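Below are the chains, spelled out letter by letter.
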Amino acid sequence: MSEPKNSDNPMRCSVLGAGSFGTCLAILLAERGYSVDLWARDPKVADAIRARRRNPRYLSEFELPDAIQATSSLEEAVHDKEVVLSVVPSHAVREVWSEAGSKMRAETLLISASKGIEMGTGKLVSQVLEEVLPESRERLVFLSGPSFAREIAELRPTAASVAAFNESFAIAAQTILSSPLFRCYTNGDVVGVELGGALKNVIAIAVGLCDGMEFGLNARAALITRGLAEITRLGVELGANPLTFLGLSGIGDLVLTCTGDLSRNRSVGLEIGRGRPVKEVLGSLTQVAEGVRTARSAYELATRHRVDMPITTGIYQLLYEDKEPRQGVVELLTRQLKSELE
């Protein structure tokens, strides 16, 4: 990492969510020279971090820098902070920020790294935060892109997108987070960046299913490409810039999540494709695979807007309507022929 910004008077930051990605971002901020509070919902996790300087559940092999202090108090985590990174699961965003919002300074920069679509409402994380924190809208920034937590913690080179409603705050987040090993690019398309980060998880389940059934590399490439096409269709319908999906938060994150061995969503598809029952695979998850919930909310969102998303529909039916994997594949392969650009 680059040299600390100011070791005598470090910027006060916090990370909400002590999962893999929250932990690695806390490490990143500490390496940048900032003071970091890491919030864990479970007091036992916070206690263990304070006692052993390691997260007992996620990335436990990494010793956490002294600049990271763990807490299970939301008020302590967000009070008097200059920057807060929100890395809670997407389904918990509304609950957490309904409580934390009133405890945060009005001028705090809030960077969200949660990826998903709220079930029931079909709202993106940005829309949920706009509702819960209307006065903070201009200071909301959204981090997305191809970034496995373990590789960030290992200080391997990574690039990501930061999108905001106000460009000046995207630039501020870019400056705070970026180093030679973690390079951020700004983007003004919040909807596109958010959708790319959410929907790639659904396509990754499909690609994992394809790989588990040993359909080969041709089929994998076709799924990724057609997956990008349907993500773009929904994005354009919702007002996103189609070029966003050719960037880091689009094709970049999609390729990583669909092909990387560290992808939890791909692993879900792999296990189902290899013959394990869906309920057994989902019941054995020890970490959140956002694509499972997002498959349902994305299917409902696409249906509402009458956008054709056959891969997403197939994964929804597999996970929620007990459709047999091979039946879903057959239906996908025997759809009516059409132009690639439709």
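Keep in mind that this is a model prediction, so the values were computed, not measured.

So, how was this worked out
Residues numbered from 1 in each chain as written. Predicted model: local features only at pLDDT ≥ 70, side-chain atom pairs only at ≥ 80, totals over all residues. Heavy atoms only, no water. Axes fitted to C-alpha atoms, helices over the stretch in contact; angles between N-to-C directions. Helix = DSSP H or I, 4+ residues; strand = E, 2+ residues; numbered from the N terminus. Parallel < 35°, antiparallel > 145°, perpendicular 65-115°, else oblique. Contact = heavy atoms within 4.5 Å. Nonpolar A, V, L, I, M, F, W, Y, C, P; charged D, E, K, R; others polar. 1 Å grid on protein atoms, 1.4 Å probe; cavity = no way out; pocket = protein on both sides within 12 Å on 5 of 7 lines; lining within 4 Å. Points joined across faces, edges and corners; volume = space filled by probe spheres on them. Pairing = 2+ DSSP bridges. Buried < 20%, exposed > 50% of the residue type's maximum accessible area, 1.4 Å probe, protein only. Right-handed = clockwise from strand over helix to strand, strands pointing away. Core = buried A, V, L, I, M, F, W, Y, C linked by side-chain atoms within 4.5 Å.

Q: Would you explain the packing of helix α8 (residues 190–212) against helix α14 (residues 310–320) in this entry?
A: In a packed pair of helices, the relevant descriptors are the angle between the two axes and the axis-to-axis distance. In contact at an axis separation of 9 Å, α8 and α14 are set at 75 degrees when each is read in the N-to-C sense. When the axes of α8 and α14 are compared, the pair comes out roughly perpendicular. Contacts from Val-202, Ile-203, Ile-205, Ala-206 and Leu-209 of α8 reach α14 at Ile-311, Thr-312, Ile-315, Leu-318 and Leu-319. Here the residues of the contact of α8 with α14 sort into 9 nonpolar, 1 polar and no charged.

Q: Looking at this structure, how should I read empty space enclosed by the protein?
A: Here the idea is plain: a probe the size of a water molecule rolls over the atoms and shows the empty space left. Summed over all chains, the structure comprises 1 cavity of 30 Å³ or more. When its volume is computed, the largest cavity comes out at roughly 50 Å³. Forming the walls of the largest cavity are Ser-112, Ser-114, Lys-115, Phe-142, Leu-143, Ser-144, Val-193, Glu-194 and Gly-197. Looking at the lining of the largest cavity, the elements that each hand over two or more residues are β6 (140–144) and α8. For the lining of the largest cavity, the class distribution of residues is 3 nonpolar, 4 polar and 2 charged.

Q: Is there a simple way to explain the sheet that holds strand β5 (residues 109–112) in this structure?
A: Strands in a sheet are paired, the pairing made by backbone hydrogen bonds, and the direction either parallel or antiparallel. Judged by pairing direction, the sheet is mixed, and its 8 strands sit side by side in the order β3-β2-β1-β4-β5-β6-β7-β8 without closing on themselves. Each having just a single partner strand, β3 (68–71) and β8 (182–187) make up the two edges of the open sheet. Averaged over all adjacent pairs, the angle separating strand axes in this sheet is 25 degrees, with direction ignored. Here 4 bridges tie β6 to strand β7 (residues 158–164), and the two strands are oriented antiparallel to one another. Pairing of Ser-144 across the sheet is with Ser-161, part of β7.

Q: Teacher, can you tell me more about the pairing of strand β2 (residues 35–39) here?
A: Note on strand geometry: in a regular strand, side chains alternate between the two faces of the sheet. Of all 5 residues that make up β2, 4 are buried, and the element is covered over most of its length. Alignment of strand β1 (residues 12–16) against β2, held across 5 bridges, turns out to be parallel. When the sheet's bridge partners are listed, Cys-13 is paired in β2 with Val-36. As for the winding sense of the linkage, the β-α-β connection from β1 through helix α1 (residues 20–31) to β2 is right-handed. Of the pairings in the sheet, the one linking β2 to β3 comprises 4 bridges and is parallel in character. If you follow Trp-39 over to β3, its bridge partner there is Thr-71.

Q: I tried to follow the environment of Tyr-316 on my own but got confused; where do I start?
A: Structurally, Tyr-316 can be placed in helix α14. By relative accessible area, Tyr-316 is classed as buried at 11%. Sequence separation between Tyr-316 and Thr-23 is 293 residues, and the spatial gap between their C-alpha atoms is 30 Å. Not counting the four nearest positions on each side in its chain, Tyr-316 is found in contact with Ala-295, Arg-296, Tyr-299 and Glu-321.

Q: Mind showing me how you'd approach the nonpolar core here?
A: For soluble globular proteins, the rule of thumb is that nonpolar side chains tend to be buried together. Counting 44 residues, the largest nonpolar core has Leu-29, Leu-85, Ile-111, Leu-143 and Leu-177 as the members making the most contacts within it. Per element, the largest residue contribution to this core is 8 residues, and it comes from α1. If you look at the next biggest cluster of nonpolar residues, it comprises 40 residues, including Ala-198, Ile-205, Leu-209 and Leu-223.

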